[in-house]
Amino acid sequence: MAVQRTFSIIKPDATRRNLTGKINSMIEAAGLRIVAQKRVKWSEDQAKEFYAVHKERPFYMDLVNFMTSGPVVVQVLEGEDAVAAYRTVMGATNPADADAGTIRKECAESIEANSVHGSDSVENAAIEIGQNFSEAEIVG
């Protein structure tokens with residue numbers, strides 16, 4: 001396995017409930033390092049750009065509205081096979097289907113308000129990291 005970077009978002013439902021520290025502890029317990037992190041309030045344009053892949057889907061504007069409803073914490077995570085490792089600790093998209101001990105099982109409110117986002121591939125991680133961080137902001 002190789003050391004990789006992946007992208008994470010702690011979503012507005014989780015920041016509203018002060019779960020950033022709990023989620024970060026779960027990330028670190030999974031063997032991932034947080035090498036960049038910032039709390040931001042996305043504009044509608046930023047959310048639309050980030051979720052552009054979904055723009056033809058019926059839930060697109062609901063997703064944009066949700067992701068701009070409050071602050072998010074964007075992060076770069078680093079570790080062995082980081083994309084897969086983070087997806088494992090996140091758990092299934094639907095918290096009802098997520099394994100015990102995963103972020104979504106422990107923190108999510110619903111399938112829509114599921115507390116976290118993680119990149120689904122190394123390629124998408126690079127794109128998502130580039131949309132949210134400069135190289136100077138990532139300190140490993």
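First, a word on scope: everything that follows refers to the structure included in this document. (Residues numbered from 1 in each chain as written. Predicted model: local features only at pLDDT ≥ 70, side-chain atom pairs only at ≥ 80, totals over all residues. Heavy atoms only, no water.)

Overview of helix α4 (residues 60–67)
Listed as buried for α4 are Y60, L63, V64 and M67. One side of α4 carries all its buried residues, which in axial view fall inside an arc of 100°. In this structure, the buried residues of α4 make contact with β1 (3–10), α1 (12–16), α3 (44–50) and β3 (72–80). (Buried < 20%, exposed > 50% of the residue type's maximum accessible area, 1.4 Å probe, protein only. Helix = DSSP H or I, 4+ residues; strand = E, 2+ residues; numbered from the N terminus. Arc of directions from axis to C-beta. Contact = heavy atoms within 4.5 Å.)

With respect to the packing of aromatic side chains
What the rule picks out here adds up to four aromatic pairs. Taking the centre distance of 5.1 Å and the plane angle of 45° together, the rings of W42 and F50 count as tilted. Pair check on accessibility: W42 and F50 agree, each one buried. On the numbers, 6.5 Å between centres and 70° between planes, the contact of W42 with Y51 is edge-to-face. No difference in accessibility class separates W42 from Y51, as the two residues are buried. Of the aromatic side chains, those joined through ring pairs into one cluster are F7, W42, F50 and Y51. A cation over an aromatic ring shows up here: K38 above the ring of F133, its NZ or CZ 4.8 Å from the ring centre. (Phe/Tyr/Trp six-rings, centres within 6.5 Å; stacked < 30°, edge-to-face > 60°. Lys NZ or Arg CZ within 6 Å of the ring centre and 35° of its normal.)

Side note on the side chain of R104
Within the secondary structure layout, R104 lies in helix α6 (residues 103–107). Although R104 lies buried, it forms no salt bridge, and the closest oppositely charged side chain, D13, sits 8.6 Å away as judged by the N-O distance. Looking at R104, its side chain comes within polar contact range of the main-chain oxygen of G91, at 3.1 Å. Every residue in contact with R104, bar those within four places of it in the chain, is listed here: M90, G91, A92, T93, P95, A98, N114, V116 and H117. (Lys, Arg positive; Asp, Glu negative; His and termini not counted. Salt bridge = Lys/Arg side-chain N within 4 Å of Asp/Glu carboxyl O. Polar contact = N/O pair within 3.5 Å; in protein donor to acceptor, adjacent residues only side chain to side chain.)

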